[in-house]
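What follows is the residue order along each chain.
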Amino acid sequence: MKNNDIKRTILYYPTISIPSGTWLRQALLYWDEIGSIVPKNWDNEILISLGPDIEYLKNEGEFRPFDPQELIKQAKGLQERQEFEKEFKSIIESPLFQKILDGKNIILSSNVHRDKVSKGLFYDFLQPEGLADFDKTNYDWYLFEENTALLYMSLLAKYISDIDIQATVAGTDRAEYQNLIYAISSKNEGIACLDARFKNSLPIPRDDISLADIVDFKQKRRLELLNFRKILNDFQNRLSKANETKEINEIVIDFKEALEKGVSDISALMQDSRISTIAGSLKTIFNIKSPTLIGTFGVTAGYATKISELPVEWTIAGLGTLGLIEIGCHMIDKRNQKRATLRDSPFSYLYHSKQEGLILNPI
């Protein structure tokens, strides 16, 4: 890949540290690069602390640290920063988040670097609310209440991905934090989007497969991986333009055969390269472009409505595997309307693996 090519990047949240197991391997295989939010001034020190896997991926051009200053201080992120802080305060004050705190004594235990937080947000909101304070052992860091810190990092990833020059999307393996940053406060404050769930429908490397083997496979089989990516992208683009639920069902039926062949082919290529695989799951949220379909659901629709469901069969390590395609209407907070409208591709990804037992409905 040329350096001036646009890369499809997945920005991990809610922590700086990326899980070293299945999520990392799945994202590494299907994306051009992976990223997490790392303060620029602490780049090398924090990267070393993240472990040899991330250091290796950075050296290979597979990992990119994201500087939070892009949103906090730079002029191009001013409007987004204001919207970010407004949304952050609103979620903190929401019944959903207050239920998480559950009236317990607030303990400030999670470090967040000062470069990631504007002074106004800290002094005018976080500190007065008792949700953050200075780390008196190191004034380069703040101490946050744990859930507040994870929410902050999740929301920060969502906004940074919007202003990044690459084709960047926020992604996680923590369904509860995807819920928080997209959840609606009431049925009257939501917009309708589609979500596509591919349950046990993606071949992913096992945790004992080295990252070097996956990088080598990506380089040698780049065209095949791009073709498989195109199958998924075309499917989601067709769904987003559908005018009625009947058309969605027809698109799913047409897609079934292409998906079964695509995942079986990728699985066979991985097996030939001695990369053992397991069945993984993926959920994406993307825009509905048809006013007719939006009108079908309306802003007062249920939080999630199943539209279509179809089993898929593919081969993994020579054995038949049963997966599932599920399409639903998903209501997200109306503050995401611009984000949904501007993106032709999905704007949120949630990866799971069968091995981890995280394939039940996350939302």
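What counts and what doesn't
- Residues numbered from 1 in each chain as written.
- Predicted model: local features only at pLDDT ≥ 70, side-chain atom pairs only at ≥ 80, totals over all residues.
- Heavy atoms only, no water.
- Axes fitted to C-alpha atoms, helices over the stretch in contact; angles between N-to-C directions.
- Helix = DSSP H or I, 4+ residues; strand = E, 2+ residues; numbered from the N terminus.
- Parallel < 35°, antiparallel > 145°, perpendicular 65-115°, else oblique.
- Left-handed = near helix turned anticlockwise from the far one by under 90°.
- Contact = heavy atoms within 4.5 Å.
- Nonpolar A, V, L, I, M, F, W, Y, C, P; charged D, E, K, R; others polar.
- Phe/Tyr/Trp six-rings, centres within 6.5 Å; stacked < 30°, edge-to-face > 60°.
- Buried < 20%, exposed > 50% of the residue type's maximum accessible area, 1.4 Å probe, protein only.
- Salt bridge = Lys/Arg side-chain N within 4 Å of Asp/Glu carboxyl O.
- Pairing = 2+ DSSP bridges.
- Polar contact = N/O pair within 3.5 Å; in protein donor to acceptor, adjacent residues only side chain to side chain.

Colleague: Explain the packing of helix α5 (residues 78-92) against helix α8 (residues 146-163) to me, please; I cannot follow it from the model alone.
Modeller: Any two packed helices are characterised by how steeply their axes cross, that is the angle between the axes, and by the distance between the axes. Axis separation between α5 and α8 bottoms out at 10 Å; the angle between their running directions is 150 degrees. It follows from the interaxial angle that α5 and α8 lie roughly antiparallel. Taken as a pair, α5 and α8 cross one another with a handedness that is right-handed. For the pair formed by α5 and α8, the contact residues are Glu80, Glu83, Phe84, Glu87, Phe88, Ile91 and Ile92 on the first element and Thr148, Leu151, Tyr152, Leu155, Leu156, Lys158, Tyr159 and Ile163 on the second. For the contact of α5 with α8, a count of residues per class yields 10 nonpolar, one polar and four charged.

Colleague: Sorry, what's going on with the packing of aromatic side chains here?
Modeller: Applying the stated criterion across every chain yields a total of 17 aromatic pairs. Relative to Trp23, the ring of Tyr12 lies with its centre 4.7 Å away and its plane at 65 degrees, an arrangement referred to as edge-to-face. Here the residue Tyr12 occupies a position in strand β1 (residues 8-12), and Trp23 occupies one in helix α1 (residues 22-30), the gap between them amounting to 11 residues. For Tyr12, a relative accessible area of 3% corresponds to the buried category. The interplanar angle of 75 degrees and the centroid separation of 5.2 Å between the aromatic rings of Phe84 and Tyr152 together place this pair among those described as edge-to-face. In this pair, Phe84 sits in helix α5 while Tyr152 sits in helix α8, placing the two residues 68 residues apart along the sequence.

Colleague: Explain the pattern of salt bridges to me, please; I cannot follow it from the model alone.
Modeller: Pairing is possible between side chains of opposite charge, provided their charged atoms come close. Counted under the stated rule, the structure contains 21 salt bridges. Arg206 is paired through a salt bridge with Asp208; the nearest N and O atoms lie 2.5 Å apart. Classification of Arg206 by relative accessible area gives partly exposed; the value is 32%. Two residues, Lys256 and Glu260, come together in a salt bridge whose shortest N-O distance is 2.8 Å.

Colleague: Is there a simple way to think about the pairing of β1 in this case?
Modeller: Looking down a regular strand, the side chains alternate between one sheet face and the other. Within β1, five of the five residues are buried, which leaves it mostly tucked inside the rest of the structure. In this structure, β1 lies alongside strand β7 (residues 167-172), joined through five bridges in parallel fashion. Within β7, the position partnered with Ile10 by the bridge is Val169. Across three bridges, β1 lies against strand β2 (residues 33-37) in parallel orientation.

Colleague: Is there a simple way to think about the sheet that holds strand β6 (residues 141-145) in this case?
Modeller: Strand pairing within a sheet occurs via backbone hydrogen bonds; the two strands may be parallel or antiparallel. If you walk across this open sheet you meet the three strands as β4-β6-β5, and the pairing is antiparallel. The sheet terminates laterally at β4 (108-113) and β5 (132-134), the two strands that pair on one side only. Looking at each pair of strands side by side, their axes are set apart by 35 degrees on average, direction ignored. Where β4 and β6 come together, five bridges link them in antiparallel fashion. Pairing of Leu108 across the sheet is with Glu145, part of β6. Sheet strands in contact with helix α7 (residues 119-126) are β5 and β6, and its direction is about 115 degrees off that of β5. Most of the contacts of α8 go to β6, to which it runs at about 110 degrees, and overall it touches β4 and β6.

Colleague: I would appreciate a short explanation of the side chain of Arg229 in the present structure.
Modeller: Tracing the chain through its elements places Arg229 in helix α11 (residues 222-240). What makes Arg229 buried here is its relative accessible area of 14%. Among the polar contacts listed, one links the side chain of Arg229 to the side chain of Asp32, at a separation of 3.2 Å. In this view, Arg229 contacts Arg8, Tyr30, Trp31 and Asp32; residues no more than four positions away in its chain are not counted.

Colleague: Can you help me understand the environment of Val215 in this one?
Modeller: Note that Val215 resides in helix α10 (residues 211-220). In this structure, the C-alpha to C-alpha distance between Val215 and Leu57, residues 158 residues apart in sequence, is 8.7 Å. Residues contacting Val215, with those up to four places away along its chain left out, are Leu28, Tyr56, Leu57, Glu60 and Glu62.

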